[in-house]
Amino acid sequence: MGEMTVRIPVVENILSANDRMAALNRERLDGAGVLAINFMASPGAGKTSVILKTLEALNGRLRMGVVEGDLATSIDAEKAAAAGLPAVQINTGGGCHLDAAMLAEALPALPLSDLDLLIIENVGNLVCPANFRLGTHLDVLIASVPEGDDKPYKYPGMYRGAHALLINKIDLLPYVPFRMDYFRRGVEILNPGVEIFPVSCRTGEGIARWTDWLVGRARAGRRQP
Ligand SMILES: Nc1nc2c(ncn2[C@@H]2O[C@H](COP(=O)(O)OP(=O)(O)OP(=O)(O)O)[C@@H](O)[C@H]2O)c(=O)[nH]1
Ligand SMILES: [Mg+2]
């Protein structure tokens with residue numbers, strides 16, 4: 001028996017245990033009427049910045065909380081808490097992604113019944129987080145202009161699964177080479193019709209369209225049985 005035939009089933013077992021835990025998280029979130037979003041992006045793309053901008057632009061339309069995934073620090077959770085958000089920190093101890101069990105541990109620390117929206121900032125990484133469902137309703141990918149326009153082609157797994165895509169730092173378009181049509185073509189091949197929001201956390205451009213969409217999704221979720 002080759003090595004691969006032993007290894008592959010082990011990975012599958014780990015993933016299905018994670019999926020079971022993710023289903024429990026989903027039940028808990030649905031029970032509390034909370035729309036939960038998994039923010040994924042490379043390090044520094046602007047996950048925390050988008051969270052803070054979203055809070056500002058929502059202006060009370062949705063009651064929001066956050067879970068901050070990080071290798072080792074609580075820097076982002078402190079920023080969120082300072083902005084007035086209920087925030088929980090998960091440190092992965094060097095792990096490159098959050099998993100459903102980590103989220104299950106974090107949820108009781110949040111006032112779920114007082115929230116409409118929970119944003120989970122995953123660990124900055126364009127590979128690992130795509131493989132672990134958390135039980136969230138929407139996977140949102142945040143790309144950013146300085147990362148380069150080839151990222152959909154190089155990290156297809158992440159782009160394929162996303163329910164929405166933010167392109168952050170569009171204020172930098174005049175300063176860095178980024179072919180928007182080439183980028184969008186790559187996205188379209190992997191994820192046809194995915195909702196795309198070009199935004200800038202620096203200037204605020206595009207943020208209102210994103211938060212209006214979010215409010216619509218949260219309200220639609222609440223109408224579901
Ligand atoms: N020019 C510009 N800079 C931005 C924008 N959004 C975020 N930044 C900057 O990008 C850097 C990283 O932003 P963060 O929000 O910390 O990114 P992150 O994805 O949360 O980073 P990690 O949590 O470390 O993975 C910071 O210096 C931000 O000020 C933007 O729209 N335009
Ligand atoms: Mg961050």
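Above this note sits the structure.
All of the points below concern the structure found in this document. (Residues numbered from 1 in each chain as written. Chains lettered and ligands numbered in written order. Predicted model: local features only at pLDDT ≥ 70, side-chain atom pairs only at ≥ 80, totals over all residues. Heavy atoms only, no water.)

1. Things to note about the sheet that holds strand β5 (residues 138–144)
Keep this limit in mind: For two strands to count as paired, DSSP must find a minimum of two bridges between them. Put simply, DSSP H or I for four residues or longer makes a helix, DSSP E for two residues or longer makes a strand, and each gets a number counted from the N terminus. Geometry is summarised by axes, namely lines fitted to C-alpha atoms with helices restricted to the contacting stretch, and by angles between N-to-C directions that run from 0 to 180 degrees.
With respect to topology, seven strands assemble into an open sheet ordered β3-β2-β4-β1-β5-β6-β7, the strand pairing being parallel. Strand pairing shows two members of the sheet lacking a second neighbour, β3 (87–91) and β7 (195–198), which therefore form its edges. Across the sheet, the axes of successive neighbouring strands diverge by a mean angle of 20 degrees, strand direction being ignored. As defined by bridge partners, strand β1 (residues 35–41) adjoins β5 across five bridges and the pair is classed as parallel.

2. Here's the deal with the coordination of the magnesium ion (ligand 2)
Applied cut-off: Counted as coordinating are nitrogen, oxygen and sulfur atoms within 2.8 Å of the metal, or 3.2 Å for Na, K and Ca, while water is not included, which may make sites look incomplete.
For the magnesium ion (ligand 2), the protein coordination sphere consists of T48 (OG1), D76 (OD) and E121 (OE), at 2.1 Å. All donors of the magnesium ion (ligand 2) belong to a single chain; written as a sequence motif, their spacing is T-x27-D-x44-E. Of the two residues, T48 is situated in helix α2 (residues 47–58) and E121 in strand β4 (residues 117–121); the sequence distance between them amounts to 73 residues.

3. Observations regarding unusual backbone geometry
Here is the rule we go by: Think of it in three bands: with a 1.4 Å probe and only protein chains considered, a residue is buried below 20% of the maximum accessible area for its type, exposed above 50%, and partly exposed in between.
At N59, a residue that is not glycine, the phi angle is positive and equals roughly 50 degrees. Mapping N59 onto the fold places it in the loop between α2 and β2 (64–70). Looking at N59, the relative accessible area reads 67%, which means it is exposed.

4. A word on the packing of aromatic side chains
Remark: the centre distance and the inter-plane angle together describe each pair of aromatic rings, the angle taken between the planes. How we decide: When the centres of two rings from Phe, Tyr and Trp lie within 6.5 Å, Trp using its six-membered ring, the rings pair. Their planes under 30 degrees apart give stacked, over 60 give edge-to-face, and anything left gives tilted. Lysine and arginine charges are scored as sitting over a ring when NZ or CZ, respectively, is within 6 Å of the ring centre and within 35 degrees of the ring normal.
Here the structure, examined in full by the defined rule, presents seven aromatic pairs. Consider the rings of Y153 and Y182, whose centres lie 4.6 Å apart with planes at 20 degrees: the pair is stacked. Highlighted residues: Y153 in helix α5 (residues 151–154) and Y182 in helix α7 (residues 180–190), separated in sequence by 29 residues. Judged by its relative accessible area of 24%, Y182 falls in the partly exposed class. Ring centres of W210 and W213 lie 5.9 Å apart, and the angle between their planes is 25 degrees; on these two criteria the pair is classed as stacked. In this pair, W210 and W213 are both assigned in helix α8 (residues 207–223), three residues apart and thus about one turn of the helix distant. In this pair, the class of W210 matches that of W213, namely buried. Positioned over the ring face of Y182 is R179, at 4.3 Å from the centre of the ring.

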